[in-house]
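The primary structure of each chain is shown beneath.
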Amino acid sequence: MLTGKSKSTITPILLVNFIDSLGFSIVIPFLVILTLKLGGNELSYGFLGATYSVFQMIGSPILGAWSDRYGRKKILLLSEIGTFLGWSIFFIALLLPVPHVKPAATISGIFMNTVPLLLLFIARAVDGITGGNISVAYAYLADISSKDDRKKNYGKMSASQNIGFIVGPAMAGVLGATALGLMMPVLAAILISLLAVIVIIFKLKDVNPQVEKDEKKEQVKIFSLPYIPYFLLLYFLIYLAFNFFYVAFPVYVAQQLHWTVFKLGIFFSILSGVMVVVQGPILSKMSKGFSNGSLVTAGGIILSGAFLLLSSANDIVLYGGAILFACGNGLMWPSFLAAMANATDDRYQGRVQGFAGSMGSLASVIGLVSGAFLYKMVGSSIMWLSSIFIFLISLICIRIIAIEKKLK
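Residues numbered from 1 in each chain as written. Predicted model: local features only at pLDDT ≥ 70, side-chain atom pairs only at ≥ 80, totals over all residues. Heavy atoms only, no water.

## Description of the overall build of the protein
So, step 1. Broken down by element type, the protein carries 17 helices and 0 strands.
So, step 2. Within the span of the protein, comprising 408 residues, buried residues form 53% of the whole.
So, step 3. Sequence separation of 24 or more characterises 85% of the internal contacts of the protein that already satisfy a separation of 6 or more.
So, step 4. Surface accessibility of the protein: about 17,400 Å² in total, with carbon and sulfur atoms responsible for 72%. (Helix = DSSP H or I, 4+ residues; strand = E, 2+ residues; numbered from the N terminus. Buried < 20%, exposed > 50% of the residue type's maximum accessible area, 1.4 Å probe, protein only. Contact = heavy atoms within 4.5 Å. Areas by Shrake-Rupley, 256 points an atom, 1.4 Å probe, with all protein chains shown as cover.)

Now the structure itself:
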């Protein structure tokens, strides 16, 4: 493994993480428009979003295991090349002529209505199956960080991602207004992913793999490791709670409160900005005085209050909910990742992070689909369900405090 785990070694992986989120967030705001333009409909858009998560669920544990066996840098490079190919296929779809057809009205037409639309699905599948870069990046960060620094470093990792989500949509708006229209953001995503490939090749130091003699046996061992099934379950539940919010809130404010895309973008930019501050300097200071388990539990309780405020129809209350959301998530998520990494043997960091990524993808698929149906049934009251759900998860997370004491 890498020796000399110093603060300066995390800069390249933070840069890669920022570049990834930047490329992703440049295209995603226009994804629904692109889908409709190429002959799809609302169902096509929903299935297109789920395609990435389904294929990531398959690929993430495989790439995580390979990173343990062959090294983090090689697998990060493979994953980033997959992202580059995915956006390239995406761009090709925009170059092809689109026949004048009505939007797909049947299940079979969701995928095959036009060749360009089919290419969009292929592009998201390619990016998804190689989409273990976040899981491998988390494992890499665990490798180069001491246990005392992991919480702080995971906070910086999340902050770098959120900065990408702040800059990306703004760039998308500017680039989309050029003569090339929606092709320009996709072209920017291709160039950004290529930049990530270059950074990985020339700036990222490798972490030597922990070679195992019996790969299949080691895969099974993941679920028999102490505490790991508990952390994987929590990973799934936390992702599920957040996806209820992500699918319901934009629909609620757009349909019921008549927010414009611009107003929604400002809201999420402010939310992400506050989260960067919490996950950066604030978490760095709090990590010295509080355990991971304490911050996970406290962050979850704050999130519970945030979800209640986010069911309001008052803009001031909603922005108060955004600030609470940023504070709760900023404390909870990096601390949870650090706790899971500290509970994992260094030999299995890639495998555990890979399986965790797969659990997150599964939760995303279930959460996005079930959240849409729940919102149709109960409207903004789904925020109350999310509040209760995340509060119960916080109670389950109290066990992390005891686990950390045993691991010392």
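We are not done yet, so read on.
## Structural notes on the confidence of the model for the protein
So, step 1. Considering every residue of the protein, the mean pLDDT works out to 82; 88% of them sit at 70 or more.
So, step 2. Within the protein, helix α13 (residues 292-309) carries the highest mean pLDDT (95), whereas helix α5 (residues 109-112) carries the lowest (49).
So, step 3. Within the model, pLDDT remains below 50 along residues 1-8, and this stretch shows 16 contacts once partners closer than five positions in the same chain are excluded.
So, step 4. Per-residue pLDDT stays below 50 along residues 103-110; that stretch engages in 19 contacts with residues further than four places along the chain or on separate chains. (pLDDT = per-residue confidence, 0-100.)

## What to know about the packing of aromatic side chains
So, step 1. Taken as a whole and assessed by the stated rule, the structure comprises 21 aromatic pairs.
So, step 2. Look at Y138 and Y154: their rings are 5.7 Å apart centre to centre, the planes differ by 70 degrees, and that puts the pair in the edge-to-face class. Separated by 16 residues along the polypeptide, Y138 in helix α7 (residues 133-144) and Y154 in helix α8 (residues 150-176) bring together distant segments of the chain.
So, step 3. Residue classification places Y154 among the buried positions, given a relative accessible area of 0%.
So, step 4. Consider the rings of F249 and W259, whose centres lie 6.3 Å apart with planes at 90 degrees: the pair is edge-to-face. (Phe/Tyr/Trp six-rings, centres within 6.5 Å; stacked < 30°, edge-to-face > 60°.)

## Some thoughts on the environment of V16
So, step 1. The residue V16 is located in helix α1 (residues 11-27) in this model.
So, step 2. Distance from V16 to N133, taken between C-alpha atoms, is 9.4 Å for residues 117 residues apart in sequence.
So, step 3. If we skip the residues at most four places from it in the chain, V16 touches E80, V199 and I200.

## Re the pattern of salt bridges
So, step 1. Scanning the entire structure with this criterion turns up 6 salt bridges.
So, step 2. Here D206 ties to K74 by a salt bridge, and the two come within 3.7 Å at their closest N and O atoms. In this pair, D206 is assigned in the loop between α9 (183-203) and α10 (215-221) and K74 in helix α4 (residues 72-95), connecting sequence segments 132 residues apart.
So, step 3. For D206, a relative accessible area of 26% puts it in the partly exposed group.
So, step 4. Ionic pairing is found between R124 and D127, a salt bridge with its closest N-O pair at 3.2 Å. One end of the pair is R124 and the other is D127, both in helix α6 (residues 115-129) and 3 residues apart, which spans about a single turn.
So, step 5. A relative accessible area of 4% means that R124 is categorised as buried.
So, step 6. Linked through salt bridges whose partners overlap, the residues forming this network are D68, R72, D143 and R351. (Salt bridge = Lys/Arg side-chain N within 4 Å of Asp/Glu carboxyl O.)

## Concerning a nonpolar patch on the surface
So, step 1. A cluster of nonpolar residues, V54, F55, I58, I62, W66, Y70, L78 and I129, forms a patch on the protein surface that exposes about 650 Å² of accessible area.
So, step 2. With respect to the secondary-structure elements, V54 resides in helix α3 (residues 42-70). (Patch = residues over 30% accessible without salt bridge, like charges linked within 9 Å, V, L, I, M, F, W, Y side chains within 5 Å.)

## Details of the packing of α8 against helix α14 (residues 315-342)
So, step 1. Two numbers describe how α8 lies on α14: the axes approach to 8 Å, and their chain directions differ by 130 degrees. As summarised for this structure, α8 and α14 are arranged oblique, according to the angle between their axes. Considering only the axes of α8 and α14, their crossing is right-handed. The residues of α14 that touch α8, namely those facing R150, K151, Y154, G155 and S158, are W333, P334, S335, L337, A338, A341 and N342.
So, step 2. Within the contact of α8 with α14, the residues separate by chemical class into 6 nonpolar, 4 polar and 2 charged. (Axes fitted to C-alpha atoms, helices over the stretch in contact; angles between N-to-C directions. Parallel < 35°, antiparallel > 145°, perpendicular 65-115°, else oblique. Left-handed = near helix turned anticlockwise from the far one by under 90°. Nonpolar A, V, L, I, M, F, W, Y, C, P; charged D, E, K, R; others polar.)

## Thoughts on the packing of α1 against α8
So, step 1. The interhelical angle for the contact between α1 and α8, taken along N-to-C directions, is 35 degrees, at an axis separation of 7 Å. Classified by chirality, the crossing of α8 by α1 is right-handed. The segment α1 lies against α8, with I13, L14, N17, F18, S21, L22, F24, S25 and I26 engaging K156, M157, S160, Q161, I163, G164, F165, V167, G168, P169, M171 and A172.
So, step 2. In the contact of α1 with α8, the residues fall into 13 nonpolar, 7 polar and 1 charged.

## Observations regarding the environment of L117
So, step 1. Relative to the helices and strands, L117 is located in helix α6.
So, step 2. Exposure remark for L117: the relative accessible area of 0% places this residue in the buried category.
So, step 3. It is 8.9 Å that separates the C-alpha atoms of L117 and L34, two residues lying 83 residues apart in sequence.

## Focus: the side chain of S335
So, step 1. When you line up the elements, S335 lands in helix α14.
So, step 2. A polar atom in the side chain of S335 sits 2.7 Å from the backbone oxygen of L331. (Polar contact = N/O pair within 3.5 Å; in protein donor to acceptor, adjacent residues only side chain to side chain.)

## Points about the environment of G176
So, step 1. Along the chain, G176 turns up in helix α8.
So, step 2. Sequence separation between G176 and V186 is 10 residues; the distance between their C-alpha atoms is 9.4 Å.

## Comments concerning unusual backbone geometry
So, step 1. One non-glycine residue with positive phi stands out, namely Y227, at about 75 degrees.
So, step 2. Here Y227 is to be found in the loop between α10 and α11 (228-256).

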